[in-house]
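Next come the chains, spelled out residue by residue.
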Amino acid sequence: MAGSTSVTLNDLLPTIVQEAMFVANERSIMRGLVKNYTLAPTQGKTISVPIYPVQTAAALTEGNEFDNTAVSTDVATFDVGQVGLRTLVTDLALNASASNVVADLGRLFGEAIAKKIDQDLMGKFASFTTNVVGSSSTTITPALVMQGITKLKNSGVPTDGLVAVLHPSVAYDLKAALTTGGNTNAYGAGAIGDVANEAMRMGYVGQLFGVPVFESSNAPLIAGGAAGDYAGGIFHRDALGFGL
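In this report, the structure presented in the accompanying data block is examined. Computed from a predicted structure; not experimentally measured.

Check the secondary structure of the protein chain and you find six helices and eight strands. Ordered by position from the N terminus, the helices and strands of the protein chain form the series α-β-β-β-α-α-α-β-α-α-β-β-β-β. By residue count, 27% of the 244 residues in the protein chain fall in the buried class. Taking contacts inside the protein chain between residues at least 6 apart in sequence as the whole, the part at least 24 apart equals 72%. A total accessible area of about 15600 Å² is found for the protein chain, and carbon and sulfur atoms account for 53% of it.

Below, the structure is given as C-alpha cells:
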C-alpha cells in the first residue's frame, strides 16, 4: 500500500509537529497551573524533586552561638512517559482537500495531546487525601470551597498560587448556589452578590475567596461514585509537576 512517508512529506513534518505542540501548550489548562520542569538531554526517564520540611526559627540571646539545624529532605520521583498519536496522509487527501491538511492535523493532534495532559494531571486529584471536603454524594457549595481553602491555609500552604479546578457539572452546582436569592447566611446561597452577578453575566466563576476557579470536562469521575460524581481539586501549583 502506497502512502505518504517522511521522505515524500519531509517538508511538512516539522510544520505538523510545531502546530501540534503549539496547540497542546495553548489548550492544556493544567499545564499552566502546575510546576513545570524542563528535561535536559541525557537526564534519564525520571525526575526527582526535593521536598523541604518546614523550618522553625527561634529567638537568639545576644552573644550566644546558634546551634546548627539539620535539614532532612524527602524526594518525590515521577517517571517520564511518552504521549503520541499517528495517522496516514495520502497524496490524494493532501491535494484534494479544501482545507490546510497540515494545519488541521497539527491542531487536531495538539488538542488530543492537551486533553491527555489534563486527564493525567487531573487523575492525580485522587491522591489529595490529607485535606478532603465533601464526598461523592455531596453537592458543592461556596462554604465547601471556603472550607477547602481554609484547610490548606491551616497547613501553611501559601495563598499565592492556589487554584481550583472543577468539572463543568460540578461548577454548575456552585453557580446555582451562588445565584440563588433569598439566603443571607454567610457563604450560603445567594450571599455573594458580585460573584453571583459575574456568574450570571459571564457564565463562569472567575475567582472565589481569592482563588481562581477553572472548569474542565477532563476532570475524572470519582472512583466508586455514581454517574455525575466528579473529582475536583483546590491545590497549590507546587502540589503537581509536569515535565517536558
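The next thing to look at is the side chain of Ser28. Note on placement: Ser28 falls in the loop between helix 1 (13-27) and strand 1 (35-37). Here Arg31 takes part through its backbone nitrogen, which lies 3.3 Å from a polar atom of the side chain of Ser28. Within polar-contact distance, the side chain of Ser28 engages the side chain of Asp118 at 2.8 Å. Ser28 has contacts with Ala114, Ile117 and Asp118, leaving out every residue within four places of it along the chain.

By secondary structure assignment, the location of Val49 is in strand 2 (residues 46-51). Considered as a pair, Val49 and Thr77 are 28 residues apart in the sequence and their alpha carbons are 6.3 Å apart.

A pair can form between side chains of opposite charge whenever their charged atoms are brought close. A full pass over the atoms with the stated rule returns three salt bridges. The partner of Glu215 in a salt bridge is Lys175, and the shortest N-O contact between them spans 2.8 Å. With Glu215 in strand 6 (residues 211-215) and Lys175 in helix 5 (residues 168-178), this pair connects stretches of sequence that are 40 residues apart. Accessibility expressed as a relative area gives 28% for Glu215, which makes it partly exposed.

For helix 4 (residues 142-154), which comprises 13 residues, the first-to-last C-alpha distance of 18 Å matches the rise-based estimate of 18 Å (1.5 Å per residue) to within 8%. All of the buried residues along helix 4 are Pro142, Leu144, Val145, Met146, Gly148, Ile149 and Leu152. Next to the buried residues of helix 4 lie strand 4 (162-166), helix 5, strand 5 (207-208), strand 6 and strand 7 (233-236). Among the residues trailing helix 4, Gly156 stands out with phi positive, at a value near 85 degrees.

About the thresholds
- Residues numbered from 1 in each chain as written.
- Predicted model: local features only at pLDDT ≥ 70, side-chain atom pairs only at ≥ 80, totals over all residues.
- Heavy atoms only, no water.
- Helix = DSSP H or I, 4+ residues; strand = E, 2+ residues; numbered from the N terminus.
- Buried < 20%, exposed > 50% of the residue type's maximum accessible area, 1.4 Å probe, protein only.
- Contact = heavy atoms within 4.5 Å.
- Areas by Shrake-Rupley, 256 points an atom, 1.4 Å probe, with all protein chains shown as cover.
- Polar contact = N/O pair within 3.5 Å; in protein donor to acceptor, adjacent residues only side chain to side chain.
- Salt bridge = Lys/Arg side-chain N within 4 Å of Asp/Glu carboxyl O.
- Expected span 1.5 Å × (residues − 1).

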